[in-house]
Amino acid sequence: MNLFQAINNSLDLALTSDPTAIIFGEDVAFGGVFRCTVGLQEKHGKSRVFNTPLCEQGIAGFGIGAATAGATAIAEIQFADYILPAFDQICNEAAKYRYRSGGIYDCGSLTIRAPCSAVGHGAVYHSQSPEAFFAHCPGLKVVVPRGPIKAKGLLNSCIRDKNPCLFFEPKILYRSAVEQVPVKEYTMPLSKADILVEGDDITLVGWGTQVHVLREVCQLAKDQLNVSCELIDLVTILPWDKETIAQSVKKTGRLLIAHEAPLTSGFGAEIAASIQHDCFLNLEAPIERVTGFDTPFPHMFEPFYMPDKWRCLEAVKKLVNY
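What counts, and at which threshold
Residues numbered from 1 in each chain as written. Predicted model: local features only at pLDDT ≥ 70, side-chain atom pairs only at ≥ 80, totals over all residues. Heavy atoms only, no water. Pairing = 2+ DSSP bridges. Helix = DSSP H or I, 4+ residues; strand = E, 2+ residues; numbered from the N terminus. Axes fitted to C-alpha atoms, helices over the stretch in contact; angles between N-to-C directions. Patch = residues over 30% accessible without salt bridge, like charges linked within 9 Å, V, L, I, M, F, W, Y side chains within 5 Å. Areas by Shrake-Rupley, 256 points an atom, 1.4 Å probe, with all protein chains shown as cover. Salt bridge = Lys/Arg side-chain N within 4 Å of Asp/Glu carboxyl O. UniProt positions renumbered as here; feature names shortened; annotations may be inferred. Domains from an automatic or database assignment. Contact = heavy atoms within 4.5 Å. Buried area = accessible area lost by both parts, 1.4 Å probe. Phe/Tyr/Trp six-rings, centres within 6.5 Å; stacked < 30°, edge-to-face > 60°. Buried < 20%, exposed > 50% of the residue type's maximum accessible area, 1.4 Å probe, protein only. Expected span 1.5 Å × (residues − 1). Arc of directions from axis to C-beta. Lys, Arg positive; Asp, Glu negative; His and termini not counted. Parallel < 35°, antiparallel > 145°, perpendicular 65-115°, else oblique. Nonpolar A, V, L, I, M, F, W, Y, C, P; charged D, E, K, R; others polar. Left-handed = near helix turned anticlockwise from the far one by under 90°.

Draft legend 1. Examining the sheet that holds strand β8 (residues 202-206) more closely. In space, the five strands of this open sheet follow the order β7-β9-β8-β11-β12, with mixed pairing throughout. At either end of the open sheet lies a strand with only one pairing partner, and these are β7 (194-197) and β12 (288-292). Across the sheet, the mean angle separating the axes of adjacent strands is 25° when strand polarity is ignored. Relative to strand β11 (residues 255-262), β8 is paired through three bridges, and the arrangement is parallel. Looking across to β11, one finds that T203 is bridged to L255.

This is how it looks when you write it as structure tokens:
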């Protein structure tokens, strides 16, 4: 399966195994713009897979109500860039529902899916990575998969998790790779980072598409600089796995964080601050961030905006030569 097929398979299994599960959003009835829900309405019926009005605030609000009433609600926001009208519902209602009601009310069985990040030609409204906005909001879980196997396992976990989850799917990965994905149901742990490449000289941290960029950087650093990189996929933005990164940095003494979102207040800043606090005496160089820039996402200049392998490799050189 490729990534969108893995997502489709996960949603199909959820609808099959859970009679309360419903899927809704803009255009999901015919499969959605990325085909993640294709065939599900035909198989499970119009009362369980259905379109909504073009109103992201309404989609989130409906999902909160449905989950509170006992349904397993799976909402789709067509592009993560357009999740901002729903920000109030997600952060002021979904994230706080259990807390402010003293546990009387609960919308934990709510999962909101949204395609995110750059695709090569999305420009200002179809390329953004908004994960850091939601990482500031206690009560949510925020997850970003790097490929089909992880996508299915993590989405299954989000759907079954009793906390509201945001599941951001890097849209450029939907059709870019095929993996041998188990067809039966399985889950993968949330809030647990993956060490993909073990190394001794520098720790590289990314999530989503950036993991694949950093994997190339690991090889380039080995071939050109004789530098051994340890690559970590953060997997879950909130709550994030600080322990795995800290243990790696205590070994390597250097940390590079790369993400597509802008530099200022990107989630890399939180990682850098936390690791600096916990690993100060182990650091051999200042923590480095390679990110998008503090501008709207450009169309014509997208290749210059992206934290590509060459920018990341330059940062590796800077860190090892500090």
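Draft legend 2. Structural context of a nonpolar patch on the surface. On the surface, a nonpolar cluster with roughly 280 Å² of combined accessible area is contributed by Y82, V124 and Y125. Take Y82: it is sitting in the loop between β3 (72-76) and α4 (87-94).

Draft legend 3. Broad picture of the UniProt feature "domain: Transketolase-like pyrimidine-binding" (unreviewed entry) in the protein. Annotation from UniProt places "domain: Transketolase-like pyrimidine-binding" (unreviewed entry) at residues 1-176. The distance separating the terminal C-alpha atoms of residues 1-176 is 11 Å; by composition the span is 36% helix and 16% strand.

Draft legend 4. Here's a closer look at the domain arrangement of the protein. Each assigned domain of the protein is listed with its residue range as follows: domain 1 (3-176) and domain 2 (194-321). Using C-alpha coordinates to define each centre, domain 1 is positioned 27 Å away from domain 2. The interface is formed by 27 residues belonging to domain 1 together with 24 residues belonging to domain 2. Surface buried jointly by domain 1 and domain 2 totals about 1900 Å² across both partners, of which 61% is contributed by carbon and sulfur atoms.

Draft legend 5. Structural context of the packing of aromatic side chains. Scanning all chains against the criterion turns up 14 aromatic pairs. Here the aromatic rings of F87 and F134 are separated by 5.1 Å at their centres, their planes lie at 45°, and the arrangement is tilted. Of this pair, F87 sits in helix α4 while F134 is found in helix α6 (residues 131-135), placing the two residues 47 residues apart along the sequence. On the numbers, 4.5 Å between centres and 50° between planes, the contact of F297 with Y305 is tilted. Summarising the burial analysis for this pair, F297 and Y305 share the class buried.

Draft legend 6. Local environment of the sheet that holds strand β2 (residues 49-51). The strand order β2-β1-β3-β4-β6-β5-β10 describes an open sheet built from seven strands, whose pairing is mixed. A single partner strand is all that each edge strand has here, and the edge strands are β2 and β10 (236-238). When the angles between neighbouring strand axes are averaged without regard to direction, this sheet yields 20°. Across two bridges, strand β5 (residues 141-143) lies against β10 in antiparallel orientation. Paired with V142 across the strands is L238, a residue of β10.

Draft legend 7. Structural detail: helix α3 (residues 56-68). Between its first and last C-alpha, α3 extends 18 Å over 13 residues, near the 18 Å set by a 1.5 Å rise per residue. Listed in full, the buried residues belonging to α3 are E56, I59, A60, G63, I64, A66 and A67. Here the buried residues of α3 occupy an arc of 170° about the axis, which is enough to place them on one side. Those residues of α3 hidden inside the fold are in contact with β1 (21-25), β3, α4, α5 (97-100) and β4 (110-116). Just downstream of α3 lies G70, where phi reads positive at about 115°.

Draft legend 8. Main features of the side chain of E56. Note that E56 resides in helix α3. One buried charged residue, E56, forms no salt bridge at all, with the nearest opposite charge on R113 at 13 Å. Ignoring sequence-local partners within four residues, the contact set of E56 consists of E26, I77, Y82, P85 and A86.

Draft legend 9. Broad picture of the packing of α3 against α4. Following both chains from N to C, one finds α3 and α4 inclined at 25°, their axes separated by 8 Å at the closest point. Here α4 runs roughly parallel to α3, going by the angle between their axes. Contacts between α3 and α4 involve Q57, A60, G61 and I64 on the former and, on the latter, D88, Q89, I90, E93 and A94. Residues that form the contact of α3 with α4 fall into these classes: four nonpolar, three polar and two charged.

Draft legend 10. Broad picture of the packing of helix α8 (residues 209-225) against helix α12 (residues 309-320). Relative orientation of the contacting elements α8 and α12 amounts to 50°, with a least axis distance of 9 Å. Here α12 runs oblique to α8, going by the angle between their axes. For the pair α8 and α12, the sense of crossing is right-handed. Facing Q210, V213, L214, E216, V217, L220, A221, Q224 and L225 of α8, the residues of α12 in contact are K309, W310, C312, L313, V316 and K317. The class makeup of the residues in the contact of α8 with α12 is ten nonpolar, two polar and three charged.

Draft legend 11. Expanded view of the pattern of salt bridges. The final tally for this structure, using the stated rule, is 16 salt bridges. Measuring nitrogen to oxygen at the nearest pair gives 2.7 Å for the salt bridge that ties R146 to D233. Of this pair, R146 sits in the loop between β5 and α7 (148-160) while D233 sits in strand β9 (residues 229-233), placing them 87 residues apart in sequence. There is no split in this pair, since R146 and D233 are both buried.

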